[in-house]
Amino acid sequence: MEAASKAKAAGLAVPNIVDRSQRKFHQFIRRADSPQWYTMNTDEAAKIMATLRTKDAQGKIPEICMPNR
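Analysis parameters
- Residues numbered from 1 in each chain as written.
- Predicted model: local features only at pLDDT ≥ 70, side-chain atom pairs only at ≥ 80, totals over all residues.
- Heavy atoms only, no water.
- Helix = DSSP H or I, 4+ residues; strand = E, 2+ residues; numbered from the N terminus.
- Buried < 20%, exposed > 50% of the residue type's maximum accessible area, 1.4 Å probe, protein only.
- Contact = heavy atoms within 4.5 Å.
- Areas by Shrake-Rupley, 256 points an atom, 1.4 Å probe, with all protein chains shown as cover.
- pLDDT = per-residue confidence, 0-100.
- Salt bridge = Lys/Arg side-chain N within 4 Å of Asp/Glu carboxyl O.
- Arc of directions from axis to C-beta.

### Focus: the overall build of the protein chain
The helix and strand tally for the protein chain stands at two helices and two strands. Put simply, the protein chain runs from its N terminus to its C terminus through helices and strands in the order α-β-β-α. Evaluated residue by residue, the protein chain yields a buried proportion of 7% over its 69 residues. Pairs at least 24 residues apart make up 0% of the contacts formed inside the protein chain by residues separated by at least 6 positions. Surface exposure of the protein chain reaches about 6500 Å², of which carbon and sulfur atoms provide 55%.

### Quick look at the environment of Lys60
Position of Lys60 relative to the elements: it lies in the segment after helix H2 (43–52). Look at Lys60 and you get exposed, because its relative accessible area is 58%. If we skip the residues at most four places from it in the chain, Lys60 touches Thr54 and Lys55.

### Brief notes about the environment of Ile29
Turning to its location among the elements, Ile29 is positioned in strand E1 (residues 28–29). For the pair Ile29 and Glu44, spaced 15 residues apart in the sequence, the C-alpha separation amounts to 9.2 Å. Ignoring anything within four residues of it in the chain, the contact list for Ile29 reads Gln36, Trp37, Tyr38, Met40, Ala45, Ile48, Met49 and Leu52.

### A few points about the confidence of the model for the protein chain
Summing up the model confidence of the protein chain, the mean pLDDT is 81 and the portion of residues at 70 or higher is 83%. Here helix H1 (residues 2–9) is the element of the protein chain with the lowest mean pLDDT, 80, and strand E2 (residues 38–39) is the one with the highest, 90.

### Quick word on the pattern of salt bridges
Applying the stated criterion across every chain yields a total of one salt bridge. Linking Glu44 and Arg31 is a salt bridge whose minimum nitrogen-to-oxygen distance equals 2.8 Å. A residue pair is termed long-range when its members are at least 10 positions apart, and Glu44 in helix H2 and Arg31 in the loop between E1 and E2 qualify at 13 residues. We classify Glu44 as partly exposed; its relative accessible area is 23%. Look at Arg31 and you get partly exposed, because its relative accessible area is 32%.

### So, H2
For H2, the set of buried residues is Ala45, Ile48 and Leu52. Buried residues in H2, looked at end-on, bunch into an arc of 60°, giving them a common side. Exposed positions of H2 whose direction lies more than 90 degrees from the buried face are Asp43 and Lys47. Considering only its buried residues, H2 is in contact with E1 and E2.

Have a look at this one:
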């Protein structure tokens, strides 16, 4: 992704070689306290996503960290 971003910034053409139907295989998620990443099409990713929609004891939804956004 970094190489594609740099190429785009330099004005070079960046072909889209990954079909949109494959996007969940190339998106990853992990818990802040874990080094293990999971693709979005796994059961563990679904569990993590469920916790992101659950309010904590103070009634707040967890903050999501997305690189480069």
